[in-house]
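Residue-level structure breakdown
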Amino acid sequence: MRRRPPATDPVQDAPRVGAPRRRAAGLPAVARSLRMAGEQMGVRRTALTLLRVNQEDGFDCPGCAWPEPERRHTAEFCENGAKAVAEEATLRRVTPAFFAEHPVAGLAGRSGHWLGQQGRLTHPMYLAEGSDRYEPIGWDEAFEIVAGELRALDSPGEAVFYTSGRTGNEAAFLYQLLARCLGTNNLPDCSNLCHESSGAALTETLGVGKGSVLLEDIHRADLVIVAGQNPGTNHPRMLSALEKAKRGGARIITVNPLPEAGLERFDNPQTLRGLAGSGTPLTDLFLQIRIGGDQALFRELCRRVLEAGGGVDEAFVREHTHGYEEFAAAARATDPADVLRATGLAPADIDRAAELVLASERTVVCWAMGLTQHRHAVPTIREIVNLLLLRGAVGRPGAGVCPVRGHSNVQGDRTMGIVEKPSDALLDALEAEFGVPMPREHGLDVVNAIRALRDGRAKVFFALGGNFVAASPDTEVTEAAMRRARLTVHVSTKLNRSHCVTGARALILPVLGRTERDVQASGEQFVTVEDSMGVVHASRGRLAPASEHLLSEPAVVCRLARRALGPGHPVPWEEFEADYAAIRDRIARTIPGFAGFNTRVARPGGFTLPHAPRDERRFPTATGKANFTAAPLTWPRLPPGRLLLQTLRSHDQYNTTVYGLDDRYRGIRGGRRVVLVHPGDAAALGLPDGSYADLTGEWDDGRERTAPGFRVVHYPTARGCAAAYFPETNVLVPLDATAETSNTPASKSVVIRLTPATGPAGPSGK
Ligand SMILES: Nc1nc2c(c(=O)[nH]1)N[C@H]1C(S)=C(S)[C@@H](COP(=O)(O)OP(=O)(O)OC[C@H]3O[C@@H](n4cnc5c(=O)[nH]c(N)nc54)[C@H](O)[C@@H]3O)O[C@H]1N2
Ligand SMILES: Nc1nc2c(c(=O)[nH]1)N[C@H]1C(S)=C(S)[C@@H](COP(=O)(O)OP(=O)(O)OC[C@H]3O[C@@H](n4cnc5c(=O)[nH]c(N)nc54)[C@H](O)[C@@H]3O)O[C@H]1N2
Ligand SMILES: [Mo]
């Protein structure tokens with residue numbers, strides 16, 4: 001049975017707007033997920049597939065990195081996990097006939113939504129230089145093209161190897177090994193666009209760039225602060241954990257410029273109460289902060305703790321920390337007027353937040369993109385650490401830092417060595433294990449890779465998953481940069497914009513997804529992933545592959561390696577392809593925390609990686625202690641008449657994959673080109689609700705960046721702030737506007753002006 005996708009783009013992006021919701025999940029979520037899944041894969045396949053999600057003998061949900069609870073529910077997935085699964089397990093196919101029908105230029109004029117709706121890629125496809133269409137190609141020939149272009153480079157540093165965080169540990173380990181055997185650390189990955197700021201801040205202050213809590217810590221916390229995160233859409237299973245904490249008596253503070261539905265009230269679809277009853281109110285205190293005001297908020301909370309008698313955990317500070325005096329002096333000097341300006345909060349709300357913090361013995365702070373994608377993201381996250389250190393709330397049950405990761409294995413990919421700035425320890429271990437010299441010069445992250453492509457310093461771009469062109473900032477600059485490449489290669493499951501904006505030659509290499517059975521020479525394989533809390537476990541697909549021509553991701557890397565590195569290479573690529581256990585044996589010998597990998601991952605639920613601050617209050621930083629940091633207080637300043645735009649996700653998308661045109665909880669249907677503006681700001685700008693505006697980015701390079709034709713939605717966001725969806729607005733994010741230290745694009749603080757427009761833009765936004 002072939003399911004037909006819609007034949008044309010929606011004629012017009014025509015958003016209809018109603019009132020935002022105050023509650024998330026419940027029956028509408030269940031109904032919605034089953035309907036979307038049913039459209040893509042039929043009723044029987046839907047039931048069979050969804051029951052395997054996140055079960056011990058099943059596959060890891062490709063949706064998000066939120067961990068699975070120990071006692072799993074038979075339906076351990078959420079509405080948006082179901083959509084992610086349906087998107088992959090769809091019965092629609094993109095075959096060579098499709099490519100024969102659609103020239104690349106035509107595909108480039110389509111929306112991302114339309115491209116994704118066409119179905120799964122079935123054959124390796126090649127776009128020859130000067131040709132206007134992709135044609136089918138054999139795998140061997142495809143690998144020879146890549147190997148040939150790699151050989152033709154003047155230096156290995158002219159190749160870039162991107163990874164998106166869905167890649168399993170085994171493929172990720174092989175991929176970084178391949179890049180390094182070729183002689184480069186050019187391993188940008190989606191982390192660079194995502195939680196890099198968290199990694200940078202946590203490594204410096206705590207010594208480990210990962211979260212310090214486990215799921216049971218959330219359950220046991222007495223205060224959870226959720227800042228810069230929309231879990232109702234992006235981590236729906238997190239709401240169950242917050243609900244559990246609440247039932248144990250925890251308080252929840254939400255810090256967000258938008259009132260997000262799931263955080264107000266949650267109807268747990270796994271319980272009768274949630275399906276039929278009134279659900280659980282989650283947020284006790286909503287701090288409707290101005291975009292970018294979080295460092296000031298956390299600094300002020302630190303000041304309150306310092307001022308309150310007995311607020312500081314002095315024994316912890318003495319024994320485990322460094323830099324207290326300097327930090328305390330800086331925090332005491334904070335001007336409360338600055339805090340009010342930066343946050344836009346009412347003094348009474350800050351008082352209440354301080355009370356809750358001081359009353360808490362076990363505080364967890366969770367955050368995501370609302371904190372990481374600002375120019376001062378790293379000092380902002382360091383400020384969270386300062387607060388928790390003052391309270392002794394690290395390395396104690398029920399307390400700690402919780403950066404909530406995005407892609408389901410983005411944390412694992414980093415653990416496996418997908419890092420452009422590797423430690424010497426990693427390179428030494430790889431050298432000792434494989435006897436191949438490893439390059440020591442640091443490589444390119446995402447933003448620097450775009451610069452290198454733009455300037456002709458990089459010529460081959462290879463992507464293991466993802467949609468680099470659409471996910472990256474400054475769309476026009478990025479697209480022009482990609483077009484300069486000699487060769488662009490995408491290892492993908494679905495068609496996306498990155499296949500349409502190519503180098504002189506291009507390849508699409510189609511692979512198995514998480515849901516599919518992976519059989520190699522030694523038999524059926526599984527892969528492993530690491531969740532947001534450092535738990536590593538197996539993922540095994542059961543569905544028949546979407547096409548007989550697909551390879552697995554590990555197989556693609558191994559075969560390319562054999563071509564590119566030649567016969568007799570010391571790394572046993574052939575053996576790795578045949579048996580992933582052989583890869584895990586090498587991971588066990590080279591990556592800390594993985595000793596006995598094959599045995600430990602065979603246990604149901606997998607195993608938890610060690611984390612020195614969490615497990616033993618040991619802080620492997622430069623000072624050997626947990627570091628307080630005293631950065632100057634920073635917040636975005638807006639010229640008059642301008643707004644600060646955050647680019648965020650709707651309820652019907654997974655990053656650049658657009659499942660549908662609704663954002664149910666925000667009351668928006670049938671369109672994505674909307675800009676949410678406070679009614680007071682909109683009135684001042686002369687923009688009635690329902691009118692249209694062009695968004696123009698302002699940045700000090702003098703270049704005008706415009707995204708035309710957005711419907712203005714009067715929305716209760718914080719004053720001075722606006723919100724619109726990514727990737728439609730990536731065109732507005734300047735390549736050079738990045739976070740200090742982490743170099744992550746500041747996608748949540750783009751200074752824009754709104755000018756009235758006559759009407760909507762076309763479906764592709766042009
Ligand atoms: N269904 C679904 N699930 C996903 C994804 C998806 O696209 N769809 N993406 C995955 C990935 S890769 C990631 S990284 C995560 C992303 O998960 P989120 O970080 O939740 O994603 P965003 O939509 O970017 O939401 C950012 C939130 O931060 C708030 N915010 C913006 N600016 C500020 C600020 O300055 N201060 C504060 N306090 N808040 C602010 C916004 O209002 C919004 O609620 O989700 C993952 N899970
Ligand atoms: N303006 C703005 N830009 C942003 C963000 C933002 O908030 N605002 N968020 C950023 C964040 S947090 C992230 S993580 C990045 C995401 O950046 P990416 O990870 O590069 O983008 P995705 O949209 O997740 O990638 C989707 C594509 O992955 C491929 N794919 C899906 N599953 C598989 C698989 O199993 N294997 C392989 N090989 N391919 C697969 C499909 O072809 C699909 O089209 O975007 C970033 N960009
Ligand atoms: Mo992400």
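Residues numbered from 1 in each chain as written. Chains lettered and ligands numbered in written order. Predicted model: local features only at pLDDT ≥ 70, side-chain atom pairs only at ≥ 80, totals over all residues. Heavy atoms only, no water.

**A few points about unusual backbone geometry**
- That bond from Phe 726 to Pro 727 is cis: its omega, 5°, falls within 30 degrees of zero.
- One can find Pro 727 in the loop between β32 (721-725) and β33 (750-757).
- A positive phi angle is found at Asn 743, which is not glycine, with a value near 60°.
- Positionally, Asn 743 belongs in the loop between β32 and β33. (Helix = DSSP H or I, 4+ residues; strand = E, 2+ residues; numbered from the N terminus.)

**Considerations on the site of ligand 2**
- In the vicinity of ligand 2 there are 30 residues, among which Tyr 162, Ser 164, Ala 471, Glu 553 and Thr 656 approach most closely.
- Asn 467 places a polar main-chain atom, nitrogen or oxygen, 3.0 Å from an oxygen atom of ligand 2.
- Taking Lys 748, its side chain carries an N or O atom lying 3.0 Å from an oxygen atom of ligand 2.
- When the free accessible area of ligand 2 is taken as 930 Å², the share hidden by the protein chains comes to 96%.
- If you count residues domain by domain, the shell around ligand 2 takes at least three from each of domain 1 (116-191 + 410-603) and domain 3 (643-756). (Near = heavy atom within 4 Å. Polar contact = N/O pair within 3.5 Å; in protein donor to acceptor, adjacent residues only side chain to side chain. Areas by Shrake-Rupley, 256 points an atom, 1.4 Å probe, with all protein chains shown as cover. Domains from an automatic or database assignment.)

**A word on the pairing of strand β30 (residues 692-697)**
- Of all the six residues making up β30, five are buried; the element is thus mostly covered by neighbouring parts of the structure.
- Bridge analysis of β30 against strand β31 (residues 705-714) gives five bridges, and the strand direction is antiparallel. Bridging across to β31, Leu 695 finds its partner in Ala 707. (Buried < 20%, exposed > 50% of the residue type's maximum accessible area, 1.4 Å probe, protein only. Pairing = 2+ DSSP bridges.)

**What to know about the sheet that holds strand β22 (residues 535-539)**
- Overall, antiparallel pairing links the three strands, which are arranged β21-β22-β23 in an open sheet. Looking at the sheet topology across the chains shown, the edges are occupied by β21 (527-530) and β23 (607-608).
- Along the sheet, helix α8 (residues 169-182) contacts β21 and β22; its crossing angle with β21, the most-contacted strand, is approximately 90°. (Contact = heavy atoms within 4.5 Å. Axes fitted to C-alpha atoms, helices over the stretch in contact; angles between N-to-C directions.)

**A short note on the nonpolar core**
- Counting 64 residues, the largest nonpolar core has Phe 173, Leu 507, Leu 509 and Trp 573 as its most contacted members.
- Leu 507 has contacts with Met 125, Tyr 126, Ile 137, Ala 142, Ile 145, Val 146, Leu 487, Thr 488, Val 489 and His 490, leaving out every residue within four places of it along the chain.
- One finds Leu 287, Tyr 324, Phe 327 and Val 339 within the second-largest nonpolar core, a separate group that totals 50 residues. (Core = buried A, V, L, I, M, F, W, Y, C linked by side-chain atoms within 4.5 Å.)

**So, the site of ligand 1**
- Around ligand 1 lies a shell of 32 residues, among which Asn 256, Glu 260, Gly 292, Asp 294 and Asn 655 are the nearest.
- In the environment of ligand 1, a nitrogen atom lies 3.0 Å from a nitrogen or oxygen atom belonging to the backbone of Val 255.
- The contact in question runs from an oxygen atom of ligand 1 to an N or O atom on the side chain of Arg 649, over 2.8 Å.
- For ligand 1, the accessible surface in isolation is 910 Å², of which the surrounding protein chains cover 99%.
- Where the shell around ligand 1 is concerned, the elements lending two or more residues are α11 (231-234), α20 (369-372), β25 (643-648) and β26 (653-654).
- No other element matches α20, which puts three residues into the shell around ligand 1.
- Residue classes in the shell around ligand 1 are distributed as twelve nonpolar, 16 polar and four charged.
- Residue assignment places the shell around ligand 1 across two domains, with domain 2 (196-404) and domain 3 (643-756) each supplying three or more. (Nonpolar A, V, L, I, M, F, W, Y, C, P; charged D, E, K, R; others polar.)

**Digging into the sheet that holds strand β12 (residues 285-287)**
- Taken together, the five strands give an open sheet; going across it, the order is β12-β9-β8-β14-β15, and neighbouring strands pair in parallel fashion. Looking at which strands have only one partner, the edges of the open sheet turn out to be β12 and β15 (400-403). Taking each pair of neighbouring strands and ignoring which way they run, the sheet shows an average axis angle of 15°.
- Relative to strand β14 (residues 363-367), strand β8 (residues 223-227) runs parallel, the two being bridged by five bridges. Of the residues in β14, the one forming a bridge with Ile 225 is Val 365.
- Sheet strands in contact with helix α9 (residues 196-206) are β14 and β15, and its direction is about 160° off that of β15.
- Those strands touched by helix α21 (residues 377-390) are β14 and β15, and its axis lies near 175° from that of β14.

**What about the domain arrangement of the chain?**
- According to the domain assignment, the chain consists of domain 1 (116-191 + 410-603), domain 2 (196-404) and domain 3 (643-756).
- Each of domain 1 and domain 2 has a C-alpha centre, and these two points are 35 Å apart.
- Counting residues at the interface gives eight residues for domain 1 and nine residues for domain 2.
- When the buried area of domain 1 at its contact with domain 2 is split by residue, Ser 191, Ser 532 and Met 533 rank highest and sum to 67% of it.
- In this structure, the connection of domain 1 to domain 2 is made through two salt bridges. (Buried area = accessible area lost by both parts, 1.4 Å probe. Salt bridge = Lys/Arg side-chain N within 4 Å of Asp/Glu carboxyl O.)

**Regarding the pattern of salt bridges**
- Applying the stated criterion across every chain, the model contains 58 salt bridges.
- A salt bridge links Arg 584 to Glu 170; the nearest nitrogen and oxygen atoms lie 2.9 Å apart. One end of the pair, Arg 584, is in helix α29 (residues 580-590); the other, Glu 170, is in helix α8, and 414 residues separate them in sequence.
- Accessibility expressed as a relative area gives 2% for Arg 584, which makes it buried.
- Across the pair Glu 300 and Arg 304 runs a salt bridge, and its minimum N-O distance is 2.7 Å.

**Quick notes on the packing of aromatic side chains**
- Across all of its chains, the model carries 19 aromatic pairs by this definition.
- Ring centres 6.5 Å apart and planes at 90° place the aromatic pair Trp 573 and Phe 576 in the edge-to-face group. Taken together, the positions of Trp 573 and Phe 576, both in helix α28 (residues 573-578) and three residues apart, correspond to about one turn of that helix.
- By relative accessible area, Trp 573 is classed as buried at 3%.
- Through a chain of ring-to-ring contacts, three or more aromatic side chains come together here, namely Phe 98, Phe 99, Trp 114 and Tyr 134.
- When the ring centre of Trp 114 is taken as origin, the NZ or CZ atom of Arg 110, which lies over that ring, is 4.0 Å away.
- Taking the ring centre of Tyr 654 as reference, the NZ or CZ of Arg 166 above it sits at 5.5 Å. (Phe/Tyr/Trp six-rings, centres within 6.5 Å; stacked < 30°, edge-to-face > 60°. Lys NZ or Arg CZ within 6 Å of the ring centre and 35° of its normal.)

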